[in-house]
Every structure is written in structure tokens, then in C-alpha cells.
Amino acid sequence: MRIYVAGHRGMVGGAIARKLRERGVEVITRTHAELDLTDQAAVRAFFASEKPDGVVLAAAKVGGIYANNTYPADFIYENLMIEANVVHQAYAAGVQRLLFLGSSCIYPRAVEQPMREDALLTGVLESTNEPYAVAKIAGIKLCESYNRQYGTDYRSVMPTNLYGPGDNFHPENSHVMPALIRRFHEAVESGADEVVIWGTGKPWREFLHVDDMAEASLFVFDLDKETYEANTEPMLSHINVGFGEDVTIAELAHMIAEVTGFKGRIAFDSEKPDGTMRKLMDSSRLKAMGWKPRVALAEGVRETYRWFLDHYEAARTTA
Ligand SMILES: NC(=O)C1=CN([C@@H]2O[C@H](COP(=O)(O)OP(=O)(O)OC[C@H]3O[C@@H](n4cnc5c(N)ncnc54)[C@H](OP(=O)(O)O)[C@@H]3O)[C@@H](O)[C@H]2O)C=CC1
Ligand SMILES: C[C@H]1O[C@H](OP(=O)(O)OP(=O)(O)OC[C@H]2O[C@@H](n3cnc4c(=O)[nH]c(N)nc43)[C@H](O)[C@@H]2O)[C@@H](O)[C@@H](O)C1=O
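Residues numbered from 1 in each chain as written. Chains lettered and ligands numbered in written order. Predicted model: local features only at pLDDT ≥ 70, side-chain atom pairs only at ≥ 80, totals over all residues. Heavy atoms only, no water.

An unreviewed UniProt entry lists the protein chain under the name GDP-L-fucose synthase, from Sphingomonas panacis. One UniProt comment on the protein chain, placed under Catalytic activity (unreviewed entry), says "GDP-beta-L-fucose + NADP(+) = GDP-4-dehydro-alpha-D-rhamnose + NADPH + H(+)". In the Function (unreviewed entry) part of its UniProt record, the protein chain is described as follows: "Catalyzes the two-step NADP-dependent conversion of GDP-4-dehydro-6-deoxy-D-mannose to GDP-fucose, involving an epimerase and a reductase reaction." (UniProt positions renumbered as here; feature names shortened; annotations may be inferred.)

Here you go:
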């Protein structure tokens, strides 16, 4: 098998590419500079020449609450273009199996918890990331539509909030876990006596380690067609991937303060948005098929902090 992993330099694509190579699979990669996936002609030429056997689509415009809220046009445009180009050109090149990575933000903001797959398109989305969520919903529907019309086997997984080695530690554009690891670490370094957390600290988030996400992605990718179809429906074909437990942002902040050795005050800036108050995934569909997460949150935070320390200079200079 020759598998194209789109987004192999990202946190999730990197972990998936590593696991595939460990299994002896030939992994095809292109950097963003080598192949801009928003460029239809370039994507067509790439698929026509490489003709991969399978595709994992882990490339996307990704960011936390501030980035989503500040650059909504980039988030909807780039993600729609990437998905439309990759799914269509994969089909045109005869690729039978593809895995699309969506996000838990596809679900309505006030939906029953934990969120089941069939909650999709039942209500109003969270405003801070609606454009990104609409693009991700379009990604699911692209896969389902090509399956229905052309008989392809294109699958979708919906990850909860992810973290781990390879994350983006940008001070504003990143997700909460890497943002707080960096902010607490820098407070310890500078001797600051206060760290400010965005929002009220009351929202709940479920965090899954990237290695668990990579395992889940390959687990779903590898399922035989009958098993996948028996556990999904033609127009409800996505599968949730979550850890199964969530914490408040305040609890996460205290956990990161402890790991980084910060002893000062933790303050909350309620002028900043909270986003959705809770988005715990119901991952029973996937768990019933045999996947389970392995990395506990406390262990994952410690490991991610060690990775951050090892790569801190790189993170600081790219910020
Ligand atoms: N991280 C999280 O908490 C969550 C992530 N997801 C989803 O998981 C997937 C992977 O996310 P993650 O690994 O965290 O994201 P990253 O930002 O770490 O990686 C995304 C990768 O996509 C590449 N990319 C972006 N735009 C283009 C483009 N136009 N052409 C080619 N390559 C491009 C980026 O390259 P470059 O950096 O050079 O632009 C980067 O390597 C995404 O689909 C994301 O939406 C879902 C839920 C939660
Ligand atoms: C994965 C998911 O990620 C995004 O949604 P989100 O879950 O709201 O992501 P977040 O990690 O940025 O924030 C989580 C919570 O944490 C709070 N918070 C505190 N202090 C910081 C802080 O310093 N940075 C950030 N980013 N958040 C902070 C923040 O106010 C919020 O209450 C989507 O846009 C979309 O990308 C998506 O799919």
C-alpha cells in the first residue's frame, strides 16, 4: 500500500505518518510549500502522477478559539478548498479509500451531552468557530456523497480537542493546552506572580492525546468495508473519537501550573470568549468496535511539557 498523508508535518498527520511507517507502509508526503492543497490544478496533477492507494486527509487550517474568531474567512475558505480538491482528485485518480479528519465542533453548541454522531445538523453551531465547523461538515458530506454516487469508501473521524508532541505553541493562535503550557512556563521563567486564563475557566473540554488519535485514525482506516458500513449509515457515516472524560479549563490550568512549577495566582479574563460550554464526545460507536484511548491526561500533559521544553527554542522563534 502507498498512502498519501496530507498534513504530515502537522501534529496529527505527523503521528499517523510515523505509525504507518512503523508498519512498513510507504507514506507519500508533500509539504505545504511543495503542494498547496487549495490549488486545484496542483492537486489534480499530484494525484494523477502519484496515484496513491489510500489517503489520510489531516491537512487543514487549524487553530484555537482566537484564530477561528479572528480569521473566519481563512478558516472556511481554505478548509473547503482543501477538502473539495483532495476528495475530488482522489476520486478522479481512482483512490478507493480515504480518511477525512473533522472536528467535534461540527455539533450544535447546546446539544445533549455526551454528543452522539446523530446530533449532526440538529441545531445552531457555536459562533466562535462556525465557519470552520461548516467546512468540516462539508467534508463529511463530500465523503458521503462520493460514496453514494461513485461507490468510493471515504470515511470520516471527528476528533475531540487534541494535544501532544508536535502541537502548535503560538501564544494567540494555538489551542488552550499548548497556549497554557507556554504561558505558565514563561511565567515561571520570568518570575511573574500571575497567569491570566482566557474566559471564565468554566467551560469543559475533553482532551485526547495525539498518539491515541493516530491509533484511532488507523483503526478506522483499516476496518473492512462491511464492518465500517455495519457501524455507520450512508448519510451518517462519521465516527467520534474522544477520551471519554472532560475537565474544566480552570482544572486544566491548575494541572498545567503544577506540571510547570508555577506557584503564583491564576486569574480569569472573562472579557475573552468561553466558546462552547461543553463538548464531550460519545465515542461508544468506536469503542464498541474495539478501540480505546491509552494516555491519561495527567501523563499526557507531563509528556507534552517535556516535548515543549525540548523544542522550546524552535517554538519561540516561530511565534
Ligand atoms: N488539534 C486539534 O485539537 C484538533 C484537530 N482536528 C483536526 O485534525 C487535523 C489535524 O490537525 P493538527 O495536526 O492539529 O493541525 P496542524 O496545524 O498541526 O497540521 C495541519 C497541517 O496541514 C497543513 N496545511 C494547512 N493548509 C495547507 C494547505 N493549503 N496545503 C497543504 N498543507 C496545508 C499544515 O502545513 P503548514 O503548517 O505548513 O501550513 C500542517 O502541516 C485537522 O483536520 C484538524 O482540523 C480536529 C479536532 C481537534
Ligand atoms: C478543537 C477545537 O478548538 C477550538 O475550539 P475550543 O475548544 O474553544 O478551543 P480552544 O482550545 O482554543 O479553547 C478552549 C477553551 O479554553 C479557553 N482558554 C483559556 N485560555 C486560553 C488560551 O490561552 N488560549 C486558548 N486557545 N484558549 C484558552 C478558551 O476561552 C476556551 O474556553 C475551535 O475553534 C476549533 O479549532 C476546534 O475544533
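Here the focus is the environment of V157. Within the secondary structure, V157 sits in strand β5 (residues 153–159). Given the relative accessible area of 0%, V157 is considered buried. It is 17 Å that separates the C-alpha atoms of V157 and Q96, two residues lying 61 residues apart in sequence. Non-local contacts of V157, meaning those with residues more than four positions away in its chain, are made with L99, F100, L101, G102, M213, S217, V220, I239 and V241. (Helix = DSSP H or I, 4+ residues; strand = E, 2+ residues; numbered from the N terminus. Buried < 20%, exposed > 50% of the residue type's maximum accessible area, 1.4 Å probe, protein only. Contact = heavy atoms within 4.5 Å.)

As a further point, take the site of ligand 2. In the vicinity of ligand 2 there are 23 residues, among which G63, S103, R183, R205 and D274 approach most closely. A distance of 2.6 Å separates an oxygen atom of ligand 2 from a polar atom in the side chain of S103. Within the side chain of K279, a nitrogen or oxygen atom sits 2.9 Å from an oxygen atom of ligand 2. A total of 700 Å² of accessible area belongs to ligand 2 in isolation, and the protein chains cover 98% of it. The set of elements that each furnish at least two residues to the shell around ligand 2 consists of α3 (65–70), α6 (176–190) and β7 (194–198). (Near = heavy atom within 4 Å. Polar contact = N/O pair within 3.5 Å; in protein donor to acceptor, adjacent residues only side chain to side chain. Areas by Shrake-Rupley, 256 points an atom, 1.4 Å probe, with all protein chains shown as cover.)

Quick look at the side chain of E83 now. Positionally, E83 belongs in helix α4 (residues 72–92). An unpaired buried charge is present at E83: no salt bridge exists, and K136, the closest side chain of opposite charge, is 4.7 Å distant. When sequence neighbours within four positions are dropped, the list of residues in contact with E83 reads L57, H88, F100, A135, K136, A138, G139 and L142. (Lys, Arg positive; Asp, Glu negative; His and termini not counted. Salt bridge = Lys/Arg side-chain N within 4 Å of Asp/Glu carboxyl O.)

Here the focus is the sheet that holds β5. The strands making up a sheet are joined through hydrogen bonds of the backbone, oriented either antiparallel or parallel. Taken in spatial order, the six strands line up as β2-β1-β3-β4-β5-β10 in an open sheet, and their pairing is parallel. Lying at the two open borders of the sheet, with one neighbouring strand each, are β2 (26–28) and β10 (238–241). Between one strand axis and the next, the sheet turns through 20° on average, direction left out of account. Note: strand β4 (residues 97–101) against β5, five bridges, orientation parallel. In the sheet register, L98 faces β5, and the bridge partner there is Y154. Of the strands in this sheet, β1 (2–6), β2, β3 (54–57) and β4 touch helix α1 (residues 11–22), which is tilted by about 165° from β1. (Pairing = 2+ DSSP bridges. Axes fitted to C-alpha atoms, helices over the stretch in contact; angles between N-to-C directions.)

A few words now on the packing of aromatic side chains. Scanning the model with the defined rule gives 13 aromatic pairs in all. A ring pair is formed by F46 and F47, whose centres lie 5.2 Å apart and whose planes are at 80°; its orientation type is edge-to-face. As far as burial versus exposure is concerned, F46 and F47 are alike and both buried. Site record: aromatic cluster; members linked through ring pairs are F169, Y305, W307 and F308. The ring of Y228 has R155 lying over it, and the distance from NZ or CZ to the ring centre is 4.5 Å. Sitting over the face of the ring of W204, R278 holds its NZ or CZ atom 4.9 Å from the ring centroid. (Phe/Tyr/Trp six-rings, centres within 6.5 Å; stacked < 30°, edge-to-face > 60°. Lys NZ or Arg CZ within 6 Å of the ring centre and 35° of its normal.)

What follows concerns the packing of α6 against helix α9 (residues 249–260). Between α6 and α9, the shortest axis-to-axis distance is 9 Å and the interhelical angle comes to 45°. By the angle between their axes, α6 is oblique relative to α9. Taken as a pair, α6 and α9 cross one another with a handedness that is right-handed. Only I249, L252, A253, I256, A257 and T260 of α9 make contact with α6, whose side of the interface consists of V176, M177, L180, I181, F184, H185 and V188. Partitioning the contact of α6 with α9 into residue classes produces 11 nonpolar, two polar and no charged. (Parallel < 35°, antiparallel > 145°, perpendicular 65-115°, else oblique. Left-handed = near helix turned anticlockwise from the far one by under 90°. Nonpolar A, V, L, I, M, F, W, Y, C, P; charged D, E, K, R; others polar.)

Residue placement: W291 occurs in the loop between α10 (284–289) and α11 (297–310). For W291, a relative accessible area of 5% translates into the label buried. A polar side-chain atom of W291 sits 3.5 Å from the main-chain carbonyl oxygen of D212.

Within the secondary structure, D282 is located in the loop between β12 (265–269) and α10. Nearest to the buried, unbridged D282 among oppositely charged side chains is R116, at 5.3 Å. Setting aside its immediate chain neighbours within four residues, D282 contacts P114, M115, R116, E117 and N240.

Residues of β7 alternate between two faces, with V195 and I197 buried on one and E194, V196 and W198 left unburied on the opposite face. Sheet analysis places β7 next to β12, joined by five bridges and oriented parallel. Directly across from V196, in β12, lies its bridge partner A267.

Of all hydrophobic cores here, the largest spans 39 residues; its most connected members are Y4, L37, F47, L98 and Y107. Contributions of two or more residues to this core are made by β1, α2 (40–50), β3, α4, β4, α5 (130–150) and β5. Ranked by residue count, the leading element in this core is α5, at seven residues. What Y4 contacts, discounting residues up to four positions off in sequence, is I28, R30, L35, L37, F46, F47, P52, G54, V55 and V56. (Core = buried A, V, L, I, M, F, W, Y, C linked by side-chain atoms within 4.5 Å.)

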